[in-house]
Amino acid sequence: EVKYVTREKPKKKAHVYYFLRSHSKCGPCQAVIAPLNNLYAEMKNKGAVIIMLNSDADTETAKKWAEDKDIAFPMITPDTAGIIGAKVPAGGSGGTPNIMAVMADGEQIEGTSGYSKCPTLVGTWKDMVKDAKKAESKKKAEAAKAKKKARKKKAKKAKKAAAEDEI
C-alpha cells in the first residue's frame, strides 16, 4: 500500500509523472522545493504531476520536512519509496535531487539531477504532456488497426471454411 506523507495524492489519469528523489538533509533538495511547488501549482489537473520519492531514514523526518517547506506535491513515505523504488527508474546521476519524467504507461521520457536542472526539466511539462497525448493516441490507433486486421482475417478464414463446407 502506498503511504503519502503529504495530503496531496497524485492524479491517476496524468499523462506524465515526474518522480523526484530527494531528502531533507540535502541542501540542493531543499532549494529545489520552491520552484517545483510553483510548477506543480501550474500543472495540477492538467495532465502532469510530481511525486517525491523521499529518501529520509524515517517517515517522521519526511513529514516534518513536508510541513516546514509547505511541499505541495505528493510525497511518498520512505517505506513506500523503498518498495516501489525498483519499479521507478532513477533519473540523472542517481544523486539527489534527481527527477525522471515517465509516461503513464511507464515509458521513461527523460531524467536529470541537480538543483537547476530539475526545475528546468519539469518546466517543459506542457510539451511533454502534448507529446505523451500524441503517443497515446498513436498507440490506440495502432491497436485499433491491429484489431480490425485480426477481425478481417478471422472473417476471411470463416468465409473460406464455409465455402469448403459447401463443396
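What you see is a predicted model; the values in this text were computed from it and never measured.

Charged atoms that come close allow side chains of opposite charge to pair. Following the criterion strictly, the structure yields five salt bridges and no others. Lys44 is the salt-bridge partner of Glu8, the closest N and O atoms lying 3.4 Å from each other. Of this pair, Glu8 sits in the segment before strand E1 (16-22) while Lys44 is found in the loop between helix H1 (27-43) and strand E2 (48-54), placing the two residues 36 residues apart along the sequence. Residues participating in the shared-partner salt-bridge network are Asp105, Glu107 and Lys139.

Another point: unusual backbone geometry. Excluding glycine, residues mostly carry a negative phi; peptide bonds, for their part, are mostly trans. We note that Asn45 has phi near 65°; this positive angle belongs to a residue other than glycine. If you trace the backbone, Asn45 turns up in the loop between H1 and E2. Among the residues examined, Asn45 registers a relative accessible area of 58% and is labelled exposed. Here the phi dihedral of Asp70 falls at roughly 50°; this positive angle occurs in a residue that is not glycine.

With that out of the way, let us pick up helix H2 (residues 59-68). Burial in H2 covers these residues: Ala62, Trp65 and Ala66. Considered in projection along H2, the buried side chains sweep an arc of 100° and stay on one side of the axis. Facing away from the buried side of H2 by more than 90 degrees, the exposed set consists of Glu60, Glu67 and Asp68. The N-cap residue of H2 is Asp58: its side-chain oxygen and the backbone nitrogen of Glu60 are 3.1 Å apart.

Moving on, we get to the pairing of strand E4 (residues 98-103). Within E4, six of the six residues are buried, which leaves it mostly tucked inside the rest of the structure. In this structure, E1 lies alongside E4, joined through six bridges in antiparallel fashion. Residue pairing across strands places Arg21 opposite Asn98, the latter belonging to E4. The pairing of E4 with strand E5 (residues 108-113) spans five bridges and is classified as antiparallel.

One recurring pattern in soluble globular proteins is that nonpolar side chains are buried together. Of all hydrophobic cores here, the largest spans 40 residues; its most connected members are Tyr18, Ile50 and Phe73. For this core, the secondary-structure elements that each account for two or more residues are E1, H1, E2, H2, strand E3 (75-76), E4, helix H4 (117-122) and helix H5 (125-166). Broken down by element, the residue count for this core peaks at seven residues, all from H1. Leaving out residues up to four positions away in the same chain, Ile50 has contacts with Tyr18, Leu20, Leu36, Tyr40, Met43, Phe73, Pro74 and Val122.

Here the focus is the sheet that holds E2. A sheet is described by the order of its strands in space; here five strands give the open sequence E3-E2-E1-E4-E5, paired in mixed fashion. With partners counted over all chains shown, the strands left at the sheet margins are E3 and E5, one partner each. Its contacts with the sheet place H5 against E1, E2, E4 and E5, and it is angled at close to 130° to E1.

Turning our eyes to something else, we now look at the packing of aromatic side chains. Scanning the model with the defined rule gives two aromatic pairs in all. Seen in terms of ring centroids, Tyr17 and Phe19 are 6.4 Å apart; in terms of plane orientation they differ by 20°. Their pairing is stacked. Grouping residues by exposure puts Tyr17 and Phe19 together as buried. A centroid spacing of 6.1 Å and a plane angle of 70° characterise the contact between Tyr40 and Phe73, whose relative ring orientation is edge-to-face. Pair noted here: Tyr40 is in helix H1 and Phe73 is in the loop between H2 and E3, with a separation of 33 residues, a long-range link.

Thresholds, definitions, all that
Residues numbered from 1 in each chain as written. Predicted model: local features only at pLDDT ≥ 70, side-chain atom pairs only at ≥ 80, totals over all residues. Heavy atoms only, no water. Salt bridge = Lys/Arg side-chain N within 4 Å of Asp/Glu carboxyl O. Helix = DSSP H or I, 4+ residues; strand = E, 2+ residues; numbered from the N terminus. Buried < 20%, exposed > 50% of the residue type's maximum accessible area, 1.4 Å probe, protein only. Arc of directions from axis to C-beta. Polar contact = N/O pair within 3.5 Å; in protein donor to acceptor, adjacent residues only side chain to side chain. Pairing = 2+ DSSP bridges. Core = buried A, V, L, I, M, F, W, Y, C linked by side-chain atoms within 4.5 Å. Contact = heavy atoms within 4.5 Å. Axes fitted to C-alpha atoms, helices over the stretch in contact; angles between N-to-C directions. Phe/Tyr/Trp six-rings, centres within 6.5 Å; stacked < 30°, edge-to-face > 60°.

By themselves, these are just geometric observations and shouldn't be taken as functional.
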